[in-house]
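Okay, here's what each chain looks like letter by letter:
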Amino acid sequence: MQAFGDAMALGCALAWALAVLAFRRVQGVGSAALNLFKNTLASVLLFATMLATGLRFDLARGWSDWGALALSGVLGLAVADTLFLAGLRRVDASIAAVADCAYAPTVLALSVLALGEPITTGLWIGAPLVVLGLAVVGWEPRGEAKPIDRRGLVLCVAGVMTTAVAVVLAKRALDRSELIEATAVRLVAGSIALFAWETIAGRRREVLALFRERASWKWAVPGAVLGSYVAMILWLGGMKYGAASRAALLNQSGAVFVLVLSRMSGEVVPSRRWIGAAIAIAGVAAVLAW
């Protein structure tokens, strides 16, 4: 079962990398509008999946599990994703990927403190390598390139760390739930909370803008399908079928995928970023080996 969880975590990293590149190309709408659009579309797809597979919502679930999944959805999908997408508007995809280095250490710390998970030899070796590799990827020598938008980087890091808190919060409820159904609960909770907040703030028209701007669907729809449907299922599956700390570290390979895909799309990638990618890949290999 651990190998299955590992495969899902790596698949999530690839799907999210493709989604990040798609989201970067959505123009003319705010980050909250893009977030609500992707979460709503993914919710529809999850409901369709539940109908096709005969799944039903677990009405016998304890209130503590309902609360954990709902709160996880609000933090991870209403708050964290909006912060990350806001940061993504200010920095390029490879820098946003570097911000993801905050995810694994946060989950590692929380999974040990809150879930009592052990730290394996692979994690001891792999975690520092992944973080070091991503730091090298994001290093910008003074005077060589345009300066990084610090606010954008902070927003991305804040979003990533909030996501880590959200998934650890849901870990035990996920262990007792069907994967697709639990994912749908989180998405619905996050979507409702985001829409309610934007409505109260007087931004209802703005947050619904992408539902009307069909010209932006060329990138918004594939981004939503990959990032909030495929990646979400694989992400939570990696957490459900494996250790949270291990899955979190494997998810970090998404930064390497973003780097490779950015180069394939025509972006100039400095050699130091390839060196950092190699270090990160070595870290992922250490996790898988031990």
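Residues numbered from 1 in each chain as written. Predicted model: local features only at pLDDT ≥ 70, side-chain atom pairs only at ≥ 80, totals over all residues. Heavy atoms only, no water.

Asker: How should the overall build of the protein chain be read in this particular structure?
Answerer: Summing up its helical and strand segments, the protein chain has 14 helices and zero strands in all. Ordered by position from the N terminus, the helices and strands of the protein chain form the series α-α-α-α-α-α-α-α-α-α-α-α-α-α. Computed over the C-alpha atoms, the radius of gyration of the protein chain is 18 Å, within 12% of the 19 Å expected from 2.2 N^0.38 for a compact globule of 290 residues. With the C-alpha coordinates of the protein chain rotated into their principal frame, the extents come out at 50 × 45 × 30 Å. Across the 290 residues that make up the protein chain, the buried fraction comes to 52%. (Helix = DSSP H or I, 4+ residues; strand = E, 2+ residues; numbered from the N terminus. Rg over C-alpha atoms; globule rule 2.2 N^0.38 Å. Buried < 20%, exposed > 50% of the residue type's maximum accessible area, 1.4 Å probe, protein only.)

Asker: When you look at the packing of helix H3 (residues 63-88) against helix H7 (residues 150-175) in this model, what are you seeing that I'm missing?
Answerer: The relative placement of two packed helices is expressed as an angle between their axes plus a distance between the axes. Direction vectors running N to C along H3 and H7 enclose 165°, while the axes themselves pass 8 Å from each other. With respect to each other, H3 and H7 are oriented roughly antiparallel. Judged by the twist between their axes, the crossing of H3 over H7 is left-handed. (Axes fitted to C-alpha atoms, helices over the stretch in contact; angles between N-to-C directions. Parallel < 35°, antiparallel > 145°, perpendicular 65-115°, else oblique. Left-handed = near helix turned anticlockwise from the far one by under 90°.)

Asker: Sorry if this is basic, but what is going on with a nonpolar patch on the surface here?
Answerer: A grouping of Val112, Ile119, Trp124, Ile125 and Trp290 is seen on the molecular surface, where their side chains present a nonpolar patch of about 520 Å² in accessible area. For Val112, the location among the structural elements is in helix H5 (residues 103-115). (Patch = residues over 30% accessible without salt bridge, like charges linked within 9 Å, V, L, I, M, F, W, Y side chains within 5 Å. Areas by Shrake-Rupley, 256 points an atom, 1.4 Å probe, with all protein chains shown as cover. Salt bridge = Lys/Arg side-chain N within 4 Å of Asp/Glu carboxyl O.)

Asker: Can you walk me through the side chain of Ser228 in this structure?
Answerer: Looking at the element boundaries, Ser228 is found in helix H11 (residues 217-241). At a separation of 3.1 Å, a polar atom in the side chain of Ser228 contacts the side chain of Lys38. Once residues lying within four places of it in the same chain are set aside, the contact partners of Ser228 are Lys38, Asn39, Ala42, Leu187 and Gly223. (Polar contact = N/O pair within 3.5 Å; in protein donor to acceptor, adjacent residues only side chain to side chain. Contact = heavy atoms within 4.5 Å.)

Asker: Would you take a moment to explain H7 for this structure?
Answerer: Since one α-helical turn is 3.6 residues long, residues separated by three or four positions face the same way. Taking 1.5 Å as the rise per residue, H7 with 26 residues should run 38 Å; its terminal C-alpha atoms sit 38 Å apart, in good agreement. In H7, a bend of some 30° at Leu169 exceeds every other bend along the element. (Expected span 1.5 Å × (residues − 1). Bend = angle between axes of the 7 residues up to and from the residue.)

Asker: Please clarify how the pattern of salt bridges should be interpreted in this entry.
Answerer: Should their charged atoms come close, side chains of opposite charge can pair. This model, assessed by the stated rule, comprises five salt bridges. Lys38 is the salt-bridge partner of Asp81, the closest N and O atoms lying 2.6 Å from each other. With Asp81 in helix H3 and Lys38 in helix H2 (residues 31-53), this pair connects stretches of sequence that are 43 residues apart. The partner of Glu181 in a salt bridge is Arg61, and the shortest N-O contact between them spans 2.4 Å. Placement of Glu181 in helix H8 (residues 179-200) and of Arg61 in the loop between H2 and H3 is noted, with a sequence separation of 120 residues between them. Using a relative accessible area of 7% as the deciding quantity, one classes Arg61 as buried.

Asker: Mind showing me how you'd approach empty space enclosed by the protein here?
Answerer: Summary: where empty space remains is shown by rolling a probe the size of a single water molecule over the atoms. Evaluated as defined, the whole model comprises two cavities of 30 Å³ or more. Taken as a whole, the largest cavity encloses approximately 380 Å³ of empty space. Taken together, 21 residues make up the lining of the largest cavity; nearest its centre are Trp16, Asp81, Asp100, Thr163 and Trp235. Secondary structure elements with two or more residues in the lining of the largest cavity: helix H1 (2-24), H3, H7 and H11. Partitioning the lining of the largest cavity into residue classes produces eleven nonpolar, six polar and four charged. Empty space within the second largest cavity amounts to approximately 60 Å³. Trp16, Val20, Phe84, Ala93, Ala96, Ala97, Asp100, Gly254, Ala255 and Val258 together form the lining of the second largest cavity. Those elements that provide at least two residues to the lining of the second largest cavity are H1, helix H4 (93-99) and helix H13 (254-264). (1 Å grid on protein atoms, 1.4 Å probe; cavity = no way out; pocket = protein on both sides within 12 Å on 5 of 7 lines; lining within 4 Å. Points joined across faces, edges and corners; volume = space filled by probe spheres on them. Nonpolar A, V, L, I, M, F, W, Y, C, P; charged D, E, K, R; others polar.)

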